[in-house]
Amino acid sequence: MTSPVRVIVVGAGCRGAGYSQFASIHPERMKVIAVADPRKFARTKLQVQHEIADENVYEDWPRILDRDKFADAVLICTPDRLHKEPAVAFAKKGYHILLEKPMATSAEDCTAIVEACIRSGVMLSVGHVLRYDPLIHMIKELIDAGVVGDVIHIQHLEPVGFYHFAHSYVRGNWRNEAESTFALLAKSCHDIDLIHHWAGARRCVTVSSFGSVSHFNKENKPAGSADRCINCPVEKDCPYSACKIYLDRVKLGHTGWPVSVICQNSLPDIESVTEALKTGPYGRCVYECDNDVCSNQVVNMEFEGGLTAAFSMVAFTEETCVRKTTIYGSRGELSYDGHEIRVFDFLTQRATEHTASSKAHKNFGIAGHGDADYHLMDAFISAVANNDPSLIRSGPEDTLLSHLLVFEAERSRLEGRVVRCGDTKQS
């Protein structure tokens, strides 16, 4: 394919708009030709950015499918619970699909998406962006090269970040399981997917998990505090203050994430952010929200061959989404601090540091993902342009397996027992 890959964007929010930046950087490789989003401001903003014709701007994605196929691929970046229907429908129409993670909010829906893509012969790339991060990808390459010998144990930490958790999982779209999904799927399916990826061909056989909602409840509300931060007399002493997270940032000229999220119908400025804090969900006291998703969770996994893995997700951290990993092998130890990889060789008793270069465009994507967003899009567009699904690192079958592992881990937490993976009849 010598002409640009023609792309439809379904869901023009943070992720849809972010991925679409690839067309602005590489107009010779990708062109956004249509958008669907129920929010006028979001779809109009994307239309202007990409010069989309009026007849290709939609409030509802099903209307796109009333037409003959007119693009090569679709980016599905709708809310988590609204993934399955468009993914299955666009697959049946013959569109290649980049689907934001998680694939869907139930194992049955994830399976249906994969089956639809396979039956239709279309490529599916799931937004597990960390598989595309150059340094994290190097971890897999080093494991496969045998630098640590046989992998015996994996320890992996996701520090969500204190204000990020308050923004997304206490006040924001992913705060409530009934409206979105559970935290391990919404936030940490990235991480379970990485552990599954590093384990290679070894299947997870047993899993256990523990977690709960900590701190963010009415019992911990400070005395004398208000229901909204904008008029709270103790706001200055609260690290989770919406005034600190949003208003102070916009006063310094920062209008990207997370500030950009809270103004749905306008560009963020002091006036619009102030109004959002007075009337919208992001101005609420963190101790008066309807959040019910875990703020800390651990998952313990046993894979075939005796490999074990331990994952921790915690909200209350200084760093935001800077993962920490240690992989213990029979011949060495690999550690990753979010910035570089260090490998200690048991035989030579010497350590080697590894870094990775990136061709990612500066400021592409959103905070916390580094260069991974860019490389995800680069791989997907290349795969579609060259009809080469091998360029996709987060394809249907493997990604489905890691999603199923997430569902098993949450089942363990809810049922309070060790779960044998795939054994739905176990009591």
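Here, the structure is the one placed above.
Note that this is a predicted model, so its numbers are computed, not measured.

Visitor: Mind laying out the pairing of strand E1 (residues 5–10), listing which residues take part and the relevant values?
Guide: The two faces of a sheet get side chains in turn, since along a regular strand they alternate between them. Across the 6 residues that make up E1, a large majority, 5, are buried. The sheet contact formed by E1 and strand E2 (residues 30–36) spans 6 bridges and is parallel. Counted as the bridge partner of valine 10 is alanine 36 from E2. Taken together, E1, helix H1 (residues 14–25) and E2 constitute a β-α-β crossover, and its handedness is right-handed. Pairing between E1 and strand E4 (residues 73–76): 4 bridges, direction parallel. From the neighbouring strand, isoleucine 8 faces E4, where its bridge partner is valine 74.

Visitor: Lay out the packing of aromatic side chains with the relevant residues and their values.
Guide: Within a pair of aromatic rings, the relevant descriptors are the distance that separates the centres and the angle that separates the planes. Under the definition given, this model contains 15 aromatic pairs. Taken together, a centroid distance of 5.2 Å and an interplanar angle of 25° make the contact between phenylalanine 165 and tyrosine 169 stacked. Remark: tyrosine 169 and phenylalanine 165 occur in helix H6 (residues 162–171); sequence separation between them is 4 residues, near one turn of the helix. Just as phenylalanine 165 is buried, tyrosine 169 falls in that class too. On the numbers, 6.0 Å between centres and 15° between planes, the contact of phenylalanine 165 with phenylalanine 216 is stacked. Linking phenylalanine 165 in helix H6 with phenylalanine 216 in the loop between strand E8 (204–212) and helix H9 (242–251), this pair joins segments that are 51 residues apart in sequence. The structure contains a cluster of three or more aromatic residues connected by ring pairs, namely Phe162, Tyr163, Phe165, Tyr169, Trp174, Phe216, Tyr240, Trp257, Tyr287 and Phe316. Here the guanidinium or amino end of arginine 67 rests over the ring plane of phenylalanine 70, the centre of that ring lying 3.8 Å away. The ring of tyrosine 163 has arginine 249 sitting right over it, with the charged end atom 4.4 Å from the ring centre.

Visitor: So what's going on with the pairing of E4? Which residues, and what values?
Guide: Going residue by residue along E4, you find Ala73 and Leu75 tucked away on one face and Val74 and Ile76 tucked away on the opposite face as well. Regarding the hand of the β-α-β motif, the stretch spanning E4, helix H3 (residues 84–92) and strand E5 (residues 96–99) is right-handed.

So, how was this worked out
Residues numbered from 1 in each chain as written. Predicted model: local features only at pLDDT ≥ 70, side-chain atom pairs only at ≥ 80, totals over all residues. Heavy atoms only, no water. Buried < 20%, exposed > 50% of the residue type's maximum accessible area, 1.4 Å probe, protein only. Helix = DSSP H or I, 4+ residues; strand = E, 2+ residues; numbered from the N terminus. Pairing = 2+ DSSP bridges. Right-handed = clockwise from strand over helix to strand, strands pointing away. Phe/Tyr/Trp six-rings, centres within 6.5 Å; stacked < 30°, edge-to-face > 60°. Lys NZ or Arg CZ within 6 Å of the ring centre and 35° of its normal.

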